[in-house]
Amino acid sequence: MTHVHAKPETHDTLLYLDGVTVSFDGFKALNGLSLYVIAGELRAIIGPNGAGKTTMMDVITGKTRPDLGEVFFNGGTDLTKLDEAQIANLGIGRKFQKPTVFESHTVYHNLELALAGSRNVFASLIFRLTGEQKARIDHVLETVSLTADRHRLAGNLSHGQKQWLEIGMLLMQDPELLLVDEPAAGMTDAETEQTAALLKEIARSHSVVVVEHDMTFIRALDTHVTVLHEGSVLAEGSLDTVQNNQQVIEVYLGR
Amino acid sequence: MTHGPGPLARLVAGSPGALITLVLVMGAAVLVPVLNLVVPAGSAFHVPTYLVSLMGKYLCYGLLALSVDLIWGFCGILSLGHGAFFALGGYAVGMYLLREIGARGVYGNATLPDFMVFLNWKELPWYWYGFDHFPFAALMVVAVPGLLAFAFGWFAFRSRVSGVYLSIITQAMTFALMLAFFRNDMGFGGNNGLTDFKDILGFNIQSDATRVGLFVATALALVCGYLVCRVIVSSRLGRVLIGIRDAESRTRFLGYRVENYKLFVFVVSAVIAGVAGALYVPQVGIINPGEFAPANSIEIVIWVAVGGRGTLHGAILGALLVNYFKSYLTSALPEVWLFALGGLFIGVTLFMPKGIIGSVNAIIGKGRVAAGARRRVSPG
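For clarity, every value in this text was computed on a predicted model and none was experimentally measured.

(A) Main features of the overall build of chain A. When its secondary structure is counted, chain A shows 10 helices and 10 strands. Computed over its C-alpha atoms, the radius of gyration of chain A comes to 18 Å, within 12% of the 18 Å expected for a compact globule of 255 residues. Considered along the principal axes of its C-alpha atoms, chain A spans approximately 55 × 40 × 35 Å. Restricting to contacts in chain A with at least 6 residues of sequence separation, those with at least 24 account for 66%.

(B) A look at the environment of valine 322 of chain B. Residues and elements named next belong to chain B. With respect to the helices, strands and loops of the structure, valine 322 is situated in helix H13 (residues 313-332). Note: C-alpha distance between valine 322 and valine 304 (18 residues apart in sequence) is 9.7 Å. Sequence-distant contacts of valine 322, defined by excluding residues within four places in its chain, comprise Ile302, Trp303 and Val306.

(C) Summary view of the sheet that holds strand S8 (residues 207-211) of chain A. Residues and elements named next belong to chain A. If you trace the 6 strands from one edge of the open sheet to the other, you get S6-S7-S8-S3-S9-S10, paired in mixed fashion. Bordering the open sheet on either side are strand S6 (92-95) and strand S10 (232-237), each of which pairs with just one other strand. Adjacent strand axes in the sheet meet at a mean angle of 20 degrees when their direction is disregarded. Pairing of S6 with strand S7 (residues 177-181), which is carried by 4 bridges, proceeds in the parallel orientation.

(D) Representation of the interface of chain A and chain B. Across the boundary between the two partners, chain A contributes 26 residues, which contact 23 residues of chain B. For the side of chain A that touches chain B, the secondary-structure elements that each account for two or more residues are helix H2 (84-90), helix H3 (107-114), helix H4 (121-125) and helix H6 (159-173) of chain A. The element that contributes the greatest number of residues to the side of chain A that touches chain B is H2 of chain A, accounting for 4 residues. Here the residues of the side of chain A that touches chain B sort into 8 nonpolar, 12 polar and 6 charged.

Conventions used here
- Residues numbered from 1 in each chain as written.
- Chains lettered and ligands numbered in written order.
- Predicted model: local features only at pLDDT ≥ 70, side-chain atom pairs only at ≥ 80, totals over all residues.
- Helix = DSSP H or I, 4+ residues; strand = E, 2+ residues; numbered from the N terminus.
- Rg over C-alpha atoms; globule rule 2.2 N^0.38 Å.
- Contact = placed C-beta atoms within 7 Å.
- Pairing = 2+ DSSP bridges.
- Axes fitted to C-alpha atoms, helices over the stretch in contact; angles between N-to-C directions.
- Nonpolar A, V, L, I, M, F, W, Y, C, P; charged D, E, K, R; others polar.

Here you go:
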């Protein structure tokens, strides 16, 4: 019934959460959560409201410090000792639930800011795009279907386009692991489908963890699913397996 | 790389406001000396010396407003204590000017300034050493505000103090400095401050030529300050600053150390404010602890809001307009001034939140945005 965690093989484990507990005023948002993601994997994480999905992202990216437990990335690096910028520079990119782009910058400048490279203050002062970097921006613009909108202000984009721009910014960062929080929220069916295709394309060359509510979207991703409930893992497996899991049904439909 | 326009042309490209600002300030730097020194006093075109110094004072305020716009308009750091950096720059020059008096003071004491003789002090405090040399004083003009801003920013930004809380502690900083400088035993002239200056670099501070020289120096400092700010905001660093202003956590998750960026721009801004204060003191002839008053710092923010924050030249325009208005009103209807200032701030916040330049830019940009919106196919 419940998935039993095999001890992960260290050489191909990219991310390993070990017994992570976070409480807010006595409420345990994460309760001994253990989870691992293998390099190159596309993983979907689902769960009802309050299951701890976003808190899990916050812990991995350094926004929230766990009370207990450890988070290892790429072998031995303990992420719980680092801050957001250090973790981002290790190669973990994050897309927020609510699309978060720089609204008063153009689409092009949003991508330029995300471009992998030195984040030093003085390097930024004298920074000039090289031809290679321009080509990379063009390539990402193409990937997220925003080539025609490159000179528009990000604040003037539609909701779906902002989501894509944010995914594009993750691609510019070229992280090893992408954490994507509800990418299909507020999208039309056509946009949802396009987004799923985009993420599958990205997952060919990156490890991706997607948190999502939308079952159609999860089905379109066609990948390994982890169900969170009350801050720990309830079930893991293919979407069909977890959907037929009695505990999962109870959690989602109520007892 | 292609042979594009020169670096200066690139900076003002696409910003007519920047070009107009540079031309006007440079024009004033050439025209005002001619109209004061060459045109005879009887002529209708003659600019009297008091007016030269008044305009010089306004340009100092313009430079000060610029420093606040750099952090507030571009990085969202609302400092309500920038008057402190201005005053510190002013005190550094004031100390030099006081040492220049030498034995010509009321008490004729060659080693001690008048106020120390009056307080019955026997020797010069150690922190007055060096101020009889202009280069040392000039160094202190940038070093003291810069170091204070660095220490303040180091703790505040590292602890992620932002928004209203940061504004309040900047206000507390300037208030604390005001109380400290009011004390006689601080050794900065207490309540009276530093005044009765005689020479600067050996030139009589009251002479027309010196006054004109100070005006020209101020105009050049404003041009340099403006260009420094332009270089910063039009670089990738400037785009990171705007990113921090609009979506701080997104900037962090992209891997930028937000505290370092804020610290850098805060220190640059404090140094610019210090230079403004240093040019202000010889032109008005006095520096006292009143310059640290919290109300002064709030007034700077109003200049920037009126002119249009996040535009740089808007800040300068706002400083000039509001101060002209202030000079006019405080002589015509002195009791009305504070009400007018408050009303102006409320009016701008309610009816012109982008300020003068921001509103002009919005009107110019409207056609372009409307065209963009028509092209846009919004789904669902």
